[in-house]
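# Reading the structure
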Amino acid sequence: MYLKTILATALSATAIFACSVRPDIIKDNIANAEIQTGLLMEASEEGDTVRIPSSYQNGEIVYVPADDWVSGFFAGTLWYMYELTGDEKWAEHARMHTEVLEDIQYLTWHHDVGFMIYDSYGNGLRLKNIDGYKEVCINTAKSLSTRFRPGAGVLQSWNVDRGWQAERGWECPVIIDNMMNLELLFKATEFSGDPTYAKIAVSHADKTLENHFREDWSCYHVVDYDPETGAVRRKCTAQGYADESAWARGQAWALYGFTTAYRYTGDKKYLDLSENVAEYLFNSPTMPEDLVPYWDFNAPGIPDEPRDASSAAIIASGLYELYHHTGKAVYKDRADKILESLSSPAYRAEPGTNGGFILMHSVGSIPHGSSIDVPLNYADYYFLEALIRKANIEKGLPPVK
Ligand code: GLY
């Protein structure tokens, strides 16, 4: 019944937008996301359970356990739907999808708890100020802080005693993605008054700035440290094409992560770094015309390599904030162009298809043969976030509230 109703809505939405030459990109995407995210929400709550959808592959929705690094994005997507529409229905379901992650506040075996808890509980707290959510964020920051290696001044991203990471000979690997976990630490200091968390975040950002970037401002995916002395043991990749290549999502995390670090610290060197990363991205000879990157800027088969819509969405969202801090219109223009591309039929799925995910054509990890040219929940999350930021800017508000 629900499916019938939403597909009827889909058809009428398509008809409305087919009539107008250039639909309002925000309204158009909200109408589309109401259908798609509604479908995915319904599927993930079938049979009285709350499952965590991460992708759609071979005709099936892929669900992940709560300790997977992507577990917070669907809850976050539902919070963003609430923010975009004001419809309480989304907040109610967002809360259910958030609270299945409760135990993650005590997870210490990897670094991604910043993504997992800030995107779910953090957004819930920001939008609804729900009792107990602040404590979850502080506890998670405590857990993340156990990964700080004072001798090296960094948070260790991955453990090296299990899985494929154990085969690489690393001691204290730090991936550029880890910049995205710092916001939770800055927030935990705000919430608790304890400066320790923000100090750890600043130390980590400073070391990353010092060691992750090349002369052309592209960045390495992995830097391995001696955890006692802080000496750099190796610079390499895990998810990129080669050690010396520029993995697209890594560049996206760098731009977004350092812009966020600037928001919390006001330290100009972080903002300068983000601008330098943007220069690298948009001057790269392999950045396509539609600004949706190939999965790696140095992938050998370009132009016959998969695109990564998730990188494009993260970059767009980061660029709106970069525009806000610098006042440089070029960043907003590029973000707008990315959103236009992602909203086109080349990347945005037809309503009722794609397992309910909004965007097609993202890449998880080509070297691991996993999630190649598929929808991914974080692509949708950052796409909706970019729309919110654009909407705020166009109302004369700061992009990030
Ligand atoms: N943080 C893992 C990834 O970006 O694939």
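So, how was this worked out
- Residues numbered from 1 in each chain as written.
- Predicted model: local features only at pLDDT ≥ 70, side-chain atom pairs only at ≥ 80, totals over all residues.
- Heavy atoms only, no water.
- Phe/Tyr/Trp six-rings, centres within 6.5 Å; stacked < 30°, edge-to-face > 60°.
- Helix = DSSP H or I, 4+ residues; strand = E, 2+ residues; numbered from the N terminus.
- UniProt positions renumbered as here; feature names shortened; annotations may be inferred.
- Contact = heavy atoms within 4.5 Å.
- Buried < 20%, exposed > 50% of the residue type's maximum accessible area, 1.4 Å probe, protein only.
- Near = heavy atom within 4 Å.
- Polar contact = N/O pair within 3.5 Å; in protein donor to acceptor, adjacent residues only side chain to side chain.
- Areas by Shrake-Rupley, 256 points an atom, 1.4 Å probe, with all protein chains shown as cover.
- Axes fitted to C-alpha atoms, helices over the stretch in contact; angles between N-to-C directions.
- Parallel < 35°, antiparallel > 145°, perpendicular 65-115°, else oblique.
- Left-handed = near helix turned anticlockwise from the far one by under 90°.
- Nonpolar A, V, L, I, M, F, W, Y, C, P; charged D, E, K, R; others polar.
- Pairing = 2+ DSSP bridges.
- Salt bridge = Lys/Arg side-chain N within 4 Å of Asp/Glu carboxyl O.

## Here's the deal with the packing of aromatic side chains
As enumerated under the stated definition, the model contains 21 aromatic pairs in all. On the numbers, 6.4 Å between centres and 85° between planes, the contact of Trp69 with Trp253 is edge-to-face. Remark: Trp253 occurs in helix H9 (residues 248-265) and Trp69 occurs in the loop between strand E2 (60-64) and helix H3 (73-85); sequence separation between them is 184 residues. Summarising the aromatic geometry, the rings of Phe73 and Tyr378 are spaced 5.6 Å apart at their centres and angled 45° between planes, so their arrangement reads as tilted. With Phe73 in helix H3 and Tyr378 in helix H13 (residues 377-394), this pair connects stretches of sequence that are 305 residues apart. In this structure an aromatic cluster arises from ring pairing among Trp69, Phe73, Tyr80, Phe115, Trp253, Tyr256, Tyr378, Tyr381 and Tyr382.

## A few points about the UniProt feature "binding site: substrate" (unreviewed entry) in the chain
Following the UniProt record, the feature "binding site: substrate" (unreviewed entry) maps to Asp112, Asp177, Thr237, Arg249, Trp253 and Ser365 here. Structurally, the position occupied by Asp112 is in the loop between helix H4 (88-99) and helix H5 (113-128). Each residue touching Asp112, except ones within four places of it in the same chain, is listed here: Trp69 and Asn181. Assignment of secondary structure puts Thr237 in the loop between strand E7 (232-236) and H9. Looking at Thr237, the relative accessible area reads 10%, which means it is buried. In this structure, Thr237 is in contact with Arg168, Trp170, His221, Val222, Ala242 and Asp243, ignoring residues within four places of it in sequence.

## Some remarks on the side chain of Ser341
With respect to the secondary-structure elements, Ser341 resides in helix H12 (residues 329-342). Residue Ser341 is classed as buried on the basis of its relative accessible area, which comes to 9%. Ser341 has contacts with Asp290, Val292 and Tyr347, leaving out every residue within four places of it along the chain.

## A few points about the site of the ligand
Residues in contact with the ligand, as listed here, are Trp69, Asp177, Gln239, Trp247, Arg249 and Trp253. Within the side chain of Asp177, one N or O atom sits 2.7 Å away from a nitrogen atom of the ligand. Residue Gln239 places a side-chain N or O atom 2.8 Å away from an oxygen atom belonging to the ligand. For the ligand, whose unbound accessible area comes to 200 Å², protein coverage reaches 93%.

## Overview of the packing of H9 against H13
Running from N to C, H9 and H13 point in directions that differ by 45°, and their axes come no closer than 14 Å. One way to sum up the angle between H9 and H13 is to call them oblique. Remark: the crossing between H9 and H13 carries left-handed chirality. In contact with Arg249, Trp253, Tyr256 and Arg263 of H9, H13 contributes Tyr378, Tyr382, Glu385 and Arg389. In terms of residue class, the contact of H9 with H13 is made up of four nonpolar, no polar and four charged.

## Considering the pairing of strand E9 (residues 370-374)
Pairing between strand E8 (residues 362-365) and E9: three bridges, direction antiparallel. Paired with Ser365 across the two strands is Ser370, which belongs to E9. The hairpin turn running from E8 into E9, its antiparallel successor, is four residues long, and Gly369 in that turn takes a positive phi close to 60°.

## Some details on the pattern of salt bridges
The final tally for this structure, using the stated rule, is 24 salt bridges. Lys269 is the partner of Asp267 in a salt bridge, and the nearest nitrogen-oxygen pair spans 2.8 Å. The salt bridge involving Arg389 is made with Glu385; its shortest N-O contact spans 3.7 Å. With Arg389 and Glu385 both in helix H13 and four residues apart, the pair spans about one turn of that helix.

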